[in-house]
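# Structural characterization, general
Each chain, letter by letter, is given below.
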Amino acid sequence: MKKKALSALLTVALVISSALSLVGCGNDNTTPVCTEMMSTSDREISVSVSRIDNLPSDFLMGADVSSYLSIDKSGAHYYDHEGKELDMDGFFALLKSSGMDIVRFRVWNDPYDEKGRGYGGGNCDIQSAIDMGTSATKAGLQVMIDFHYSDFWADPNKQMTPKGWAAMSASDKESALESYTRESLIKLKDAGVNVTIVSIGNETDNGMSGVTDWTQKCALYKAGSRAVREVLPDALVAIHYSSPEHDYVTYAQHLIDNKVDYDIFGTSYYPYWHGSLENLTAAMKEISDMTGKRVMVLETSWAYTLEDGDGNANTVSHEENSDDPYYSFSVQGQADEISSVTQAIADVGDPALGCLYWEPAWIPVNYYNPAGRDADKILEANKKAWEKYGSGWASSYASGYDPEDAGVYYGGSAVDNQALFDFGGYALDSLNTFRYMREGHQAEGLVLSQIIMPKPISLEYGEDIHPYLPMTVRGELDNRQRITLRVEWDEAELAGFTDVGEYTAHCTIIDEIPGGDGTPRKVMLKVNILPQNLLVNGDMEKGDASGWNISDPMAGVTTDDPYRGSYSLHFWSEGAVSFTASQTITADVDGELIFSFKAQGGDMGDGHVLKAVVKNESTGESVEASVTLSGWQKWQETGSIPDAGINALHVSAGDKVTFEIVVSGSAGGWGTIDDVFLAYK
Ligand code: CA
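If you're wondering where the values come from, they're calculated on a predicted model, not measured in any experiment. (Residues numbered from 1 in each chain as written. Predicted model: local features only at pLDDT ≥ 70, side-chain atom pairs only at ≥ 80, totals over all residues. Heavy atoms only, no water.)

## Notes on the packing of aromatic side chains
Stated formally: We call Phe, Tyr and Trp rings a pair once their centres come within 6.5 Å, taking the six-membered ring for Trp, and we label the pair stacked below 30 degrees between planes, edge-to-face above 60, and tilted otherwise. Labels follow the DSSP assignment, with helices taken as runs of H or I lasting at least four residues and strands as runs of E lasting at least two, numbered in each case from the N terminus. We call a residue buried when its accessible area falls under 20% of the maximum for its residue type, exposed when it is over 50%, and partly exposed in between, using a 1.4 Å probe and counting protein chains only. We call a charge positioned over a ring when the NZ of a Lys or the CZ of an Arg lies within 6 Å of the ring centre and within 35 degrees of the ring normal.
Enumeration according to the criterion identifies 44 aromatic pairs in this entry. Judged by centre distance (5.3 Å) and plane angle (85°), the ring pair of Tyr-78 and Phe-421 falls under edge-to-face. Of this pair, Tyr-78 sits in strand S2 (residues 78-79) while Phe-421 sits in the loop between helix H12 (406-409) and helix H13 (433-439), placing them 343 residues apart in sequence. Among the residues examined, Phe-421 registers a relative accessible area of 0% and is labelled buried. An angle of 50° between the planes, with centres 6.2 Å apart, marks the rings of Trp-273 and Trp-632 as tilted. Remark: Trp-632 occurs in strand S24 (residues 631-639) and Trp-273 occurs in the loop between strand S8 (264-268) and helix H9 (277-291); sequence separation between them is 359 residues. Like Trp-273, the residue Trp-632 is buried in the burial classification. The rings of Trp-108, Tyr-119, Phe-152, Trp-153, Trp-358, Trp-362, Trp-393 and Tyr-401 are connected pair by pair, giving a single aromatic cluster. If you follow Arg-43 out to its NZ or CZ, it ends over the ring of Tyr-426, 3.7 Å from the centre. One cation-aromatic arrangement involves Arg-474 over Tyr-326; the distance from NZ or CZ to the ring centre is 3.7 Å.

Written out as structure tokens, the structure reads:
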């Protein structure tokens, strides 16, 4: 996750949607005011989950519930599947009976301002881990402690030094981290908390505690690990990174070279950002083969609705997401996602140690419906609770420590629609997925209700179509469960796609169709055969900058946010954005050249420039087209495309033509450019 993910996760401008028609309710204090008015539909859904047959015997199912205590203190309530209200012991007992083996708590060194006011995000200090951990232990759950070694959120975008360590050198931080870890673990041990895994840092791809150098970072891992071995010799030590699409082999080599003593190589895996399940399995298998360590998914989640429940816009929302082909946004979709990710990590084999869901209990303090009665009062009550109890992602008091994010966007939860409890705190059946994955829980008589149409494909004239053709499609059953169906393509039809132009290809589903009568079903696919691209690596799929002359390392070919395929030209700069990416070609015949490109990004400032200039160096003539970036995944397309009003460029055989992308904008600007195309008309 780079800058775009940060803005997606933490974009918390209040969204006032007028499209909702749910019933409102409320009063003006900070106690829950709405649970009795919640829709019952989500909580009555029973999910269908296939048994996973290849789970290692010591595999751990679980979740991070770090925000629970602050939500509970804010006055919200949790209910079991029968509608019975739960106290803290009851809550953890429900997690245990749902099939969880372990719960994870993040720990921040000192998440308070100079007046002792909490930063939010659960105000997760060591005491909150002790309070929740005691109750979890009583319920028979194991406990994982996730030290961020920061006073607030640590992730690939920020690894801020704790206030108390601000003036320290890297080697002083080592001893401070070791004694802090030792003292914290002794407190947990003395309280009787059953800590079985300790994570030394959180998503530490780009640093830890303000340290970015790998050797120094490894010295910090080793300091933390020493403290774990000393205080809790039976506990496992985990190292945690953010995406299996990152270069984990290099990360693991650093751990080997620096002789870091650890047991678990952990990863986050959020389906919107972190690639395919196949890649998750392959990446973690490669790491376990290379290191001999256990591997875990330490964070994953999915949304059961695109609505927001607390008045703080969500990461996954109507604004950001359309229908996803892989899982539906539903209670069943959550069960599908949890079981698919668990299956993917189990497929690594014996080194697979577990899969944890991220924040199933981060529900709204009060259910907020902008169209409902007393909506303003409910929102005010939520804001008060976020400030007072830290139950939002950040309070205003965090702005001194985290001015760039919390200082601008502080507020509630961006993930309340990814909880495994509904907006009123009632357990959803997706919470039982952890148990169902061991036992199986299949509904009978399900019927295929729709097929998710495959996305149109584009290829260049002369390219083999087969690598572009999907071999499966996703279908949705009448319980909203998504399944994979294998297909076979009509080769005779494909053989006729010989010219530039648009075609429709057909495939036949060869798997048995649930509820079907045995008649094969056909699925259509739009195929666009484009003229031959005169640019080398215009789609960036060579995975590096081949063909391109890029003027500054702030831009490069990465896996961040491709429009199509796996790679794009990504840029980000802490200082002002300014670079060019260019190629030169020689025209081989007379004709008219057309071009196009796609781009997305933001934080570039007013008057930023992102344009392509095509210049005939022999005649001096040029044409250009520009876009204005408007946000994450808000793709813009321009060039000599229909309606853009941009002319083609005339060339004669032998003319030299330069194609140049020119980008400039404010400090902190980011974005990606993809599918860059130059061809004869
Ligand atoms: Ca929200």
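Read on for the rest.
## Regarding the sheet that holds strand S26 (residues 656-665)
Basically, it comes down to this: Here, any two strands with at least 2 DSSP bridges between them count as paired.
Strand order in this open sheet of 5 strands is S17-S20-S26-S22-S23, and the pairing throughout is antiparallel. The sheet is open, and its two borders are formed by strand S17 (549-550) and strand S23 (622-626), each paired with just one other strand. Across 8 bridges, the pairing between strand S22 (residues 609-616) and S26 is antiparallel. By the bridge assignment for S26, Ala-612 is matched with Ile-661.

## What to know about the packing of helix H7 (residues 214-231) against helix H8 (residues 248-257)
Where we set the bar: Fitted lines through C-alpha atoms serve as axes, helices being fitted only where they are in contact, and the angles separating the N-to-C directions of these axes extend from 0 to 180 degrees. Here is the rule for handedness: rotate from the far helix to the near one, and if that takes an anticlockwise turn smaller than a right angle the crossing is left-handed, while a clockwise turn gives right-handed. The contact criterion used throughout is that any non-hydrogen atoms of two residues lie within 4.5 Å. Only Asp, Glu, Lys and Arg are considered charged in this grouping, and only Ala, Val, Leu, Ile, Met, Phe, Trp, Tyr, Cys and Pro are considered nonpolar; every other residue, Gly among them, is considered polar.
At a closest axis distance of 10 Å, the pairing of H7 and H8 adopts a crossing angle of 65°. The two elements H7 and H8 meet at a crossing, and its hand is right-handed. Contacts from Trp-214, Cys-218 and Tyr-221 of H7 reach H8 at Tyr-251, His-254 and Leu-255. Of the residues that constitute the contact of H7 with H8, the class distribution is 5 nonpolar, 1 polar and no charged.

## Some details on the domain arrangement of the protein chain
Interface size is commonly expressed as the accessible surface area that is lost when the partners come together. Which entries qualify depends on this criterion: For the purposes of this description, domain bounds are those given by an automatic or database domain assignment.
Domain annotation for the protein chain reports domain 1 (3-439), domain 2 (448-530) and domain 3 (549-680). Taken over C-alpha atoms, the centre of domain 1 sits 39 Å from the centre of domain 3.

## Focus: the pairing of strand S27 (residues 670-680)
Put simply, side chains in a regular strand alternate between the two faces of the sheet. For S27, the buried fraction is high: 11 of the 11 residues fall into the buried class. As paired strands, strand S19 (residues 568-572) and S27 are joined by 4 bridges and run antiparallel to one another. Paired with His-570 across the bridge in S27 is Thr-672. Note that strand S21 (residues 591-602) and S27 share 9 bridges and pair antiparallel. In the sheet register, Gly-601 faces S27, and the bridge partner there is Gly-671.

## Points about the coordination of the calcium ion
Rules: Only nitrogen, oxygen and sulfur atoms count as donors, using a 2.8 Å cut-off from the metal that widens to 3.2 Å for Na, K and Ca. Water is left out, so coordination shells may look unfilled. Each label reflects the angles at the metal, where four donors whose angles all fall between 85 and 135 degrees are tetrahedral, four or six donors whose opposite pairs open beyond 155 degrees and whose other angles stay between 65 and 115 are square planar or octahedral respectively, and the rest are irregular.
Here the calcium ion is held by Asp-308 (OD), Asp-310 (OD), Asn-312 (O), Asn-314 (OD1), Ser-413 (O) and Asp-416 (OD), and the distances to it run 2.2 to 2.4 Å. Around the calcium ion sit 6 donor atoms; with metal-centred angles ranging over 78 to 177°, the donor geometry is octahedral. Sequence spacing of the donor residues for the calcium ion, all on one chain, is D-x1-D-x1-N-x1-N-x98-S-x2-D. Of the two residues, Asp-308 and Asp-310, neither departs from the other in class, the shared state being buried.

## Some words on the sheet that holds strand S16 (residues 522-530)
Spatially, 6 strands are ordered S11-S13-S14-S15-S16-S12 in an open sheet, and the strand pairing comes out mixed. Two strands bound the open sheet, and with one partner strand each, they are strand S11 (448-452) and strand S12 (457-460). Taken over all neighbouring pairs, the strand axes of this sheet differ in orientation by 40° on average, direction set aside.

## Observations regarding the pattern of salt bridges
Definition in use: Salt-bridge detection follows one rule: a side-chain nitrogen of Lys or Arg within 4 Å of a carboxyl oxygen of Asp or Glu.
A complete count under the given rule lists 28 salt bridges for this structure. With a shortest N-O distance of 3.2 Å, Arg-104 and Glu-299 are connected by a salt bridge. Within this pair, whereas Arg-104 is found in strand S4 (residues 102-107), its partner Glu-299 is found in strand S9 (residues 294-299), the two being separated by 195 residues in sequence. No difference in accessibility class separates Arg-104 from Glu-299, as the two residues are buried.

## Some remarks on the confidence of the model for the protein chain
Close reading of the predicted structure is inappropriate where its pLDDT is low. Our working definition: The quantity called pLDDT is the predictor's confidence in a given residue, expressed from 0 to 100.
In this model, the protein chain carries a mean pLDDT of 91, and residues with pLDDT of at least 70 account for 94%. Predicted confidence for residues 1-40 stays below pLDDT 50, and this span has 100 contacts to residues more than four positions away or in other chains.

## So, the side chain of Asn-432
Inspection of the secondary structure puts Asn-432 in the loop between H12 and H13. Its relative accessible area of 5% is what places Asn-432 among the buried residues.

## Overview of the packing of H9 against helix H10 (residues 331-346)
When two helices pack together, you describe them by how their axes are tilted relative to each other and by the distance separating the axes. What counts is decided by this rule: Oblique is the label for any angle not covered by the other classes, which are roughly parallel (under 35 degrees), roughly antiparallel (over 145) and roughly perpendicular (65 to 115).
In the contact formed by H9 and H10, the axes pass within 8 Å of each other and the chain directions differ by 30°. Here H9 lies roughly parallel to H10, going by the angle between them. Both H9 and H10 take part in a crossing whose hand is right-handed. Every residue of H10 that contacts H9 at Leu-277, Leu-280, Thr-281 and Met-284 is listed here: Ser-340, Val-341, Ala-344 and Ile-345. In terms of residue class, the contact of H9 with H10 is made up of 6 nonpolar, 2 polar and no charged.

## Some points on the nonpolar core
A general feature of soluble globular proteins is that nonpolar side chains tend to end up buried together. As a reminder of what qualifies: Put simply, buried Ala, Val, Leu, Ile, Met, Phe, Trp, Tyr and Cys residues joined by side-chain atoms within 4.5 Å make one nonpolar core.
Ranked by internal contacts, the top residues of the largest apolar core, which has 123 residues, are Phe-92, Val-103, Phe-152, Tyr-221 and Phe-265. Excluding residues that lie within four positions of it along the chain, Val-103 makes contacts with Ala-63, Val-65, Phe-92, Leu-95, Ala-136, Leu-141, Gln-142, Val-143 and Met-144. If you look at the next biggest cluster of nonpolar residues, it comprises 35 residues, including Trp-548, Val-577, Phe-659 and Ile-661.

## Structural notes on H10
Just so we agree on the cut-off: Expected span of a helix: the number of residues minus one, times 1.5 Å.
Along its 16 residues, H10 runs 23 Å from first to last C-alpha, staying within 8% of the 22 Å computed at 1.5 Å per residue. Burial analysis of H10 places 15 of its 16 residues in the buried class, which makes it a mostly covered element.

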